[in-house]
Each structure stands twice: as C-alpha cells, then as structure tokens.
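Examination of the molecular architecture
Now for the letters of each chain:
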Amino acid sequence: MDDTTAPAEKRMRLRYAGTCRICDAALPAKAEAVYERETRTVRCVTHDRDLPESHLDVGIGEAGSSARREFERRQAGRERRIREKHPKLGGLILALSDDPQSTKAWDTGAIGEERLGGRLNSLQSDTCRILHDRRIPGSRANIDHLAVTPTGVYVIDAKRYSGRPQLRVEGGLIRPRVERLIVGRRDCTKLVDGVLKQVEAVRTVVGDQIPMHGALCFVDADWPLIGGTFTTRDVQVLWPKRLQSTLTSLGTLDAHAIEQVHRDLARALPSA
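All values reported here derive from a predicted model rather than from experimental measurement.

**Here's the deal with the pairing of strand β6 (residues 129-135)**
Burial analysis of β6 places six of its seven residues in the buried class, which makes it a mostly covered element. Looking at chain direction, β6 and strand β7 (residues 142-149) are connected through six bridges and run antiparallel. By the bridge assignment, Leu131 is partnered in β7 with Leu146. Hairpin geometry of β6 and β7 is characterised by an intervening segment of six residues between the two adjacent antiparallel strands and by a positive phi of about 80° at Gly138.

If you want it as structure tokens, here you go:
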C-alpha cells in the first residue's frame, strides 16, 4: 500500500549518480539534489523552490542566456528577411535550408554554457557559490561562469569545440618561448587571451587578496583517457568533470568569506 502521507519531494544526498530532470546536468553520487516522488526523478538544488534564504537573495543568473538570445535574434531576423523577400515560398525555403554557420555558432555556444552551467549548479553550496553569464561593465564581453570556492575565484569560459585540446610550445632557448592552444587543427590561443582579460576584470572587484584562477572548459572535446589537462599562462584547460573536482578542493576561504565575495561579484557584474 502506497504511503500517501509521504512528501511529494525531498532534498537529499544521492546514493547513486543521476541526471537533473530540468537541465539534464549530471548529478554525481553524494551530490545534494531534490527527489520527486511522483515521477521518481531528481533535479538540481538550484531548481528547488525551498533554497536557503542566503541563496535566494543573490541572482546567480542563467547559463547561456545571452548566447541563446543572440541565436534567437539572428534566427528570427533571417526568417523575417526570407518571408518578406519570398511571401509565397518563404516557409518552404526555411524548411529546406539551414541557418548560416555564424548563427548556428551561437546555438552551439549556448548549449555548451547550458550543459556546463547545469554541472556547476549541482555543486552549489555554502562553500561553492556560482554565477552565470555576467556582464563586464564598459565592455561588450561577458563571463560565462564564476565560481567562488575555498581555493578562490574561478573565471570559467565554456567552449563546445570538437578535436583534442593540446599545448604547443615553440622557442624557449634561443627564441622567446611561445605557448599556443590548439584544438584539433584550430589555433585557439586567443581564447586564453580572453580569459586573462576576464580574470583582470574580476580582480578589480575582489582585489589582490583573493586567489584568482582562469579556466577554459571544453565540453565536447576529444580528451584522452589518461591525463590531458594542462595550464597555459595560468589558465587551466580541462573538461567538465575535472573542473568539478577542482572546484571542490579544500582551501583557506571559509563560508562567510565565500558568501561575501559572491555578493560583491553579483553586485559588480550584473546578469548579461
């Protein structure tokens, strides 16, 4: 006989790994999550209507929201132009043709940010505070994700590229040492420059006393079974699961300091 008095859902630590019903984020065993009794599914605590008050009064933002809006804006603009130019055949043309690569790239980027954002949300706790899609005042750039942890602040740029990330070093003896980030056959060194600029923008908010870390997280890259992660110019290059373990490392910042830094960042860097 079913226990009709049991609550419809409960917050718990998972005995086994699961997947968030809402955002498809991977939830590892022992992660805190909300179990929904009726559907027998789980969801991230950030989708919990009963989040602790300290989490509710700081808007963490929505991962990939600005990239998603740009994709939808470009897609709608293309549809409008085609229908205006071809009133009778516009629908057929749209059905038989794809968005240009420059438009699909925004969708690809948004998906990468959303997937990584779901994973980061699963880590949300008093000692791991997350912010998504933050605007840098005075700049057109935005920061995909921020994490405040016992080991400091992490500025995280999510990328959804195919191919294997690797560090290529040139020079070093006679010529100056030059480090290049290669993903597949693409030279992605400028991505490192972008993260370093974001790190400096965040440093102006939190000061020099809080450790700062830059990270490039490639969501769908071809990573080797052993090793693979590396650091170039103080920017860590890694994959989502490795990033999760990095963010849960022990450090010197306590929950009070983490909360204060999180609030300062949320105030200074509004949602994009």
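That covers the picture; the talk isn't over yet.
**A few points about the sheet that holds strand β11 (residues 186-187)**
An order of β9-β10-β11 is seen for the three strands of this open sheet, with the pairing classed as antiparallel. Lying at the two open borders of the sheet, with one neighbouring strand each, are β9 (165-170) and β11. When β9 meets strand β10 (residues 178-183), the two strands line up antiparallel, connected through six bridges. Bridge pairing in β10 places Val169 opposite Glu179.

**Section: the packing of helix α2 (residues 65-85) against helix α4 (residues 101-121)**
In contact at an axis separation of 8 Å, α2 and α4 are set at 155° when each is read in the N-to-C sense. Considered as vectors, α2 and α4 are oriented roughly antiparallel to each other. Between α2 and α4 the crossing geometry is left-handed. Contacts between α2 and α4 involve Ala67, Arg68, Glu70, Phe71, Arg74 and Gln75 from the first element and Ser102, Thr103, Trp106, Asp107, Ala110, Ile111, Glu113 and Glu114 from the second. Residue composition of the contact of α2 with α4, by class: five nonpolar, three polar and six charged.

**Focus: the pairing of β7**
Both faces of the sheet carry side chains from a regular strand, because those side chains alternate between them. Most of β7 sits out of view: seven of its eight residues are buried. In this structure, β7 lies alongside strand β8 (residues 152-159), joined through five bridges in antiparallel fashion. Across the sheet, the residue bridging to Val148 is Val153, located in β8. In textbook terms, the turn of a hairpin is the stretch between consecutive antiparallel strands, and for β7 and β8 this stretch comprises two residues.

Reading guide: rules and limits
- Residues numbered from 1 in each chain as written.
- Predicted model: local features only at pLDDT ≥ 70, side-chain atom pairs only at ≥ 80, totals over all residues.
- Heavy atoms only, no water.
- Buried < 20%, exposed > 50% of the residue type's maximum accessible area, 1.4 Å probe, protein only.
- Helix = DSSP H or I, 4+ residues; strand = E, 2+ residues; numbered from the N terminus.
- Pairing = 2+ DSSP bridges.
- Axes fitted to C-alpha atoms, helices over the stretch in contact; angles between N-to-C directions.
- Parallel < 35°, antiparallel > 145°, perpendicular 65-115°, else oblique.
- Left-handed = near helix turned anticlockwise from the far one by under 90°.
- Contact = heavy atoms within 4.5 Å.
- Nonpolar A, V, L, I, M, F, W, Y, C, P; charged D, E, K, R; others polar.

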